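An overview of the molecular structure
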Amino acid sequence: MLFTTDILLPGPTPVPDRVQKAMMAAATDHRGHVFTPVADRVRERLHALFHLDAGGAVAVIPTTGTGGLEAAVQNFFQPGDPVLSVVTGAFGERVSAIAKAMGLAVDELTVPWGEAFDPAAVMSQVNSRRYRGILVTHNETSTGVLNPVEELGQALSAITDKPLYIVDSISGVPSIPLDMAGWGIDVAVAASQKGFMCPPGLGLVAVGSRARQKLEPARPGLYFFALTPYLEGQFPYTPAVSLWYGLDEALTLLEEEGEAARFARHRTLGRMARQFGMAAGFPPKVRRPEWGSPTVTPLTIPAGNPAQIRRQLATYGLQIAGGMGAWHHEAVRIGHVGAVGPSDLFAGLSIFAHVVPHPAPALEAAWSVWHDALGDN
Ligand SMILES: *Cc1c(COP(=O)(O)O)cnc(C)c1O
């Protein structure tokens, strides 16, 4: 094929040329003089990017996001420990499943799909039992909901010896603000193939200093994912060297654009996708626009077949994601995370427009959001 297929997926996401080229660097000793400065620099920049406190560190593990979540749950608890899992969609369900698999006593606070959790409701549950940990999803990729993790963090910080606050920000950071020290987050998880613009294969587990003191070194079943050596910058097992080179270049790209511009760009993308869906006759699944995610937008397919629509779009040159779980037969998801600009999203939406009831108003609505955003800058 002469033209490329656009991907508008919430992972894997497009890999910029500069990142692709950086990953072509020759194989090298991961403990040698060529790689060591790269690894040190990546760890330092990740520390800043997650807004960790001085004693915090980021573990870069050869795994996926789910592996990072497993590490986050495995390292801080013993079987039987009570934890509260706040479930707002499929990824919240996954974290619960991980915690149950390791024998924790999991209470779930479940919110209907399409809604954000209410920090006050979470706090009243937190105050009812001495939990050792709270597990939440920052940006719920299955429902396109951005949860108020900052507000919950502020409320939790009022508790003396509060439970460990563990956040799945895999489709959040670095596209959406995340301030671990400022918001009192103890552990946050990310992955290379979303906003970090790299191929899949790295799980990032950022651990604040308070959580580092609570690491459980000897837990049955914990070996590869034991965080201590990773947090100390050692390579207990062979690192994914090529992906580290890619991540190093991706961090340069992120720094070149800057935090404020990156957050604003993703907010614009989220608005473009939601306005497109609304005008197209495929309304966004999120229950309130203010909960709408800047990185992924599930749209309702009212009387159609989402799988068939996705197949059709693929032949036109656009890949989008299907609905997850209960939404499999009623939604599709547009991803707009990482190396995606308004023109990329607009190009994808112009393909999508071929299968919607009202193509012209939909494209005009998306274009208007983009146009207004230019005025804001
Ligand atoms: C993508 C994603 C995951 C899973 O990541 P994998 O790399 O596929 O294991 C978990 N949580 C959220 C919020 C995600 O977006």
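Residues numbered from 1 in each chain as written. Predicted model: local features only at pLDDT ≥ 70, side-chain atom pairs only at ≥ 80, totals over all residues. Heavy atoms only, no water.

1. Side note on the nonpolar core
- The biggest cluster of nonpolar side chains holds 51 residues, and the ones touching the most others in it are Leu46, Phe50 and Phe196.
- Here Phe50 is in contact with Val58, Val173, Leu178, Asp179, Met180, Ala188, Ala190, Phe196, Leu204 and Ala206, once residues within four sequence places are set aside. (Core = buried A, V, L, I, M, F, W, Y, C linked by side-chain atoms within 4.5 Å. Buried < 20%, exposed > 50% of the residue type's maximum accessible area, 1.4 Å probe, protein only. Contact = heavy atoms within 4.5 Å.)

2. Concerning the site of the ligand
- Close to the ligand lie Thr64, Gly65, Thr66, Phe91, Arg94, Asn139, Thr141, Asp168, Ile170, Ser171, Gln193 and Lys194.
- One nitrogen or oxygen atom from the side chain of Asp168 is found 2.7 Å from a nitrogen atom belonging to the ligand.
- One of the side-chain nitrogen or oxygen atoms of Gln193 is found 2.7 Å away from an oxygen atom of the ligand.
- Taken by itself the ligand offers 380 Å² of open surface, and the protein chains cover 88% of this.
- For the shell around the ligand, the residue count by class is 2 nonpolar, 7 polar and 3 charged. (Near = heavy atom within 4 Å. Polar contact = N/O pair within 3.5 Å; in protein donor to acceptor, adjacent residues only side chain to side chain. Areas by Shrake-Rupley, 256 points an atom, 1.4 Å probe, with all protein chains shown as cover. Nonpolar A, V, L, I, M, F, W, Y, C, P; charged D, E, K, R; others polar.)

3. Focus: the sheet that holds strand β2 (residues 57–62)
- Judged by pairing direction, the sheet is mixed, and its 7 strands sit side by side in the order β2-β10-β9-β8-β5-β3-β4 without closing on themselves. Strands at the two margins of the open sheet, each flanked by one partner only, are β2 and β4 (105–110). Each strand of the sheet is rotated relative to its neighbour by a mean of 20°, with strand direction disregarded.
- Running over the sheet, helix α6 (residues 149–157) touches β5 (133–137) and β8 (164–168) and is turned about 175° from β8. (Pairing = 2+ DSSP bridges. Helix = DSSP H or I, 4+ residues; strand = E, 2+ residues; numbered from the N terminus. Axes fitted to C-alpha atoms, helices over the stretch in contact; angles between N-to-C directions.)

4. Re the layout of surface pockets
- Estimated volume of the largest pocket: approximately 390 Å³.
- Residue lining of the largest pocket: 21 residues in total, with Leu146, Asn147, Ile176, Glu290 and Pro294 positioned closest to the centre.
- The set of elements that each furnish at least two residues to the lining of the largest pocket consists of α6 and α11 (259–280).
- With 6 residues, α11 is the single largest residue contributor to the lining of the largest pocket. (1 Å grid on protein atoms, 1.4 Å probe; cavity = no way out; pocket = protein on both sides within 12 Å on 5 of 7 lines; lining within 4 Å. Points joined across faces, edges and corners; volume = space filled by probe spheres on them.)

5. Description of helix α14 (residues 359–376)
- Taking 1.5 Å per residue as the helical rise, α14 with its 18 residues ought to reach 26 Å, and the 26 Å between its terminal C-alpha atoms agrees with that figure.
- Those residues of α14 that fall on the buried side of the exposure criterion are Ala362, Leu363, Ala365, Ala366, Val369 and Ala373. Viewed along the axis of α14, the buried residues span an arc of 160°, placing them on a single side of the element. For α14, exposure combined with an orientation more than 90 degrees from the buried face picks out Ala360, Glu364, Leu374 and Gly375.
- Elements that come into contact with the buried residues of α14 comprise α11 and α13 (342–352). (Expected span 1.5 Å × (residues − 1). Arc of directions from axis to C-beta.)

6. Topic: the pairing of β8
- Counting buried positions over the 5 residues of β8 gives 5, a clear majority of the element.
- The alternating pattern of β8 places Leu164, Ile166 and Asp168 on one face and Tyr165 and Val167 on the opposite face, and all of these are buried.
- Sheet analysis places β5 next to β8, joined by 5 bridges and oriented parallel. Within the sheet, the bridge partner assigned to Leu135 lies in β8 and is Ile166.
- Inspection of the sheet shows β8 paired to strand β9 (residues 187–191) by 3 bridges, in the parallel sense. Paired with Val167 across the bridge in β9 is Ala188.

7. Looking at empty space enclosed by the protein
- For the structure on display, the rule yields 1 cavity of 30 Å³ or more.
- Approximately 50 Å³ is the volume found for the largest cavity.
- Arg43, Val58, Val60, Tyr230, Gly233, Gln234, Phe235 and Trp244 together form the lining of the largest cavity.
- Among the residues forming the lining of the largest cavity, the class breakdown is 5 nonpolar, 2 polar and 1 charged.

8. Observations regarding the side chain of Ser192
- Along the chain, Ser192 turns up in the loop between β9 and β10 (202–207).
- For Ser192, a relative accessible area of 1% corresponds to the buried category.
- There is a polar contact of 3.3 Å between the side chain of Ser192 and the backbone nitrogen of Gly201.
- Excluding its chain neighbours within four sequence positions, the residues that come into contact with Ser192 are Met197, Cys198, Pro199, Pro200, Gly201 and Leu202.

9. Considerations on the environment of Leu49
- Looking at where Leu49 falls in the secondary structure, it is placed in helix α2 (residues 35–49).
- The exposure class assigned to Leu49 is buried, which follows from its relative accessible area of 13%.
- It is 25 Å that separates the C-alpha atoms of Leu49 and Ala158, two residues lying 109 residues apart in sequence.

10. Digging into the pattern of salt bridges
- The tally for this structure, following the rule as stated, stands at 16 salt bridges.
- Note that Asp107 is salt-bridged to Arg129, the shortest N-O span being 2.8 Å. Note that Asp107 is positioned in strand β4 and Arg129 in the loop between α5 (119–126) and β5, a separation of 22 residues in sequence.
- The exposure class assigned to Arg129 is partly exposed, which follows from its relative accessible area of 36%.
- Each of the salt bridges in this network shares a partner with another, and the network as a whole consists of Arg41, Arg45, Asp248 and Glu255. (Salt bridge = Lys/Arg side-chain N within 4 Å of Asp/Glu carboxyl O.)

11. Thoughts on the environment of Pro306
- Mapped onto the elements, Pro306 comes out in helix α12 (residues 306–316).
- When its relative accessible area of 4% is taken as the criterion, Pro306 is described as buried.
- For the pair Pro306 and His329, spaced 23 residues apart in sequence, the C-alpha to C-alpha distance is 6.2 Å.
- Residue contacts for Pro306: discarding those within four places in its chain leaves Ile301, His328, His329, Glu330, Ala331 and Val332.

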